[in-house]
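Understanding the architecture of this molecule
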Amino acid sequence: MGGDGRWLKWMWVAIILIGALVCGCIAAGIFWLATSAGPAGGRVKVALAAGGVTFLGLATLGIAIGSFVAD
């Protein structure tokens, strides 16, 4: 039963990454709609940047919190 902690840790990481991915997609969609008046190239850049930053921020925060909780 010593491997249970490792399994839960990886499950936490998976949940955090999936949640961050969903939030990043939502943020990209919001920025895509908010910049609908601009040219398509600019919209793509803004939407990808917003989604990427949201994903990286939430994933980093979630994994950092998870490492403190696990210890």
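Residues numbered from 1 in each chain as written. Predicted model: local features only at pLDDT ≥ 70, side-chain atom pairs only at ≥ 80, totals over all residues. Heavy atoms only, no water.

1. With respect to the overall build of the protein
Tallying secondary structure elements over the protein gives two helices and zero strands in all. In terms of overall dimensions, the protein has C-alpha extents of about 55 × 15 × 15 Å along its principal axes. Out of the 71 residues belonging to the protein, those deemed buried represent 18%. Considering only contacts in the protein between residues 6 or more positions apart, those separated by 24 or more positions represent 61%. Taken as a whole, the protein presents about 5200 Å² of accessible surface, with 80% of it coming from carbon and sulfur. (Helix = DSSP H or I, 4+ residues; strand = E, 2+ residues; numbered from the N terminus. Buried < 20%, exposed > 50% of the residue type's maximum accessible area, 1.4 Å probe, protein only. Contact = heavy atoms within 4.5 Å. Areas by Shrake-Rupley, 256 points an atom, 1.4 Å probe, with all protein chains shown as cover.)

2. Focus: the packing of aromatic side chains
Describing an aromatic ring pair means giving the distance of the ring centres and the angle of the ring planes. Taken as a whole, this structure holds zero aromatic pairs when the rule is applied. The ring of tryptophan 32 has arginine 43 lying over it, and the distance from NZ or CZ to the ring centre is 3.9 Å. (Phe/Tyr/Trp six-rings, centres within 6.5 Å; stacked < 30°, edge-to-face > 60°. Lys NZ or Arg CZ within 6 Å of the ring centre and 35° of its normal.)

3. Some words on the environment of glycine 66
Along the chain, the position of glycine 66 falls in helix H2 (residues 40–70). As a C-alpha pair, glycine 66 and leucine 33 span 33 residues in sequence and 33 Å in three-dimensional space.

4. Remarks on a nonpolar patch on the surface
Taken together, the side chains of Ile18, Val22, Ile26, Ile30, Phe31 and Val46 present a nonpolar region at the surface, about 540 Å² in accessible area. A total of five residues in the nonpolar patch trace back to one element, the largest contributor, which is helix H1 (residues 4–34). Tracing the chain through its elements places isoleucine 26 in helix H1. (Patch = residues over 30% accessible without salt bridge, like charges linked within 9 Å, V, L, I, M, F, W, Y side chains within 5 Å. Salt bridge = Lys/Arg side-chain N within 4 Å of Asp/Glu carboxyl O.)

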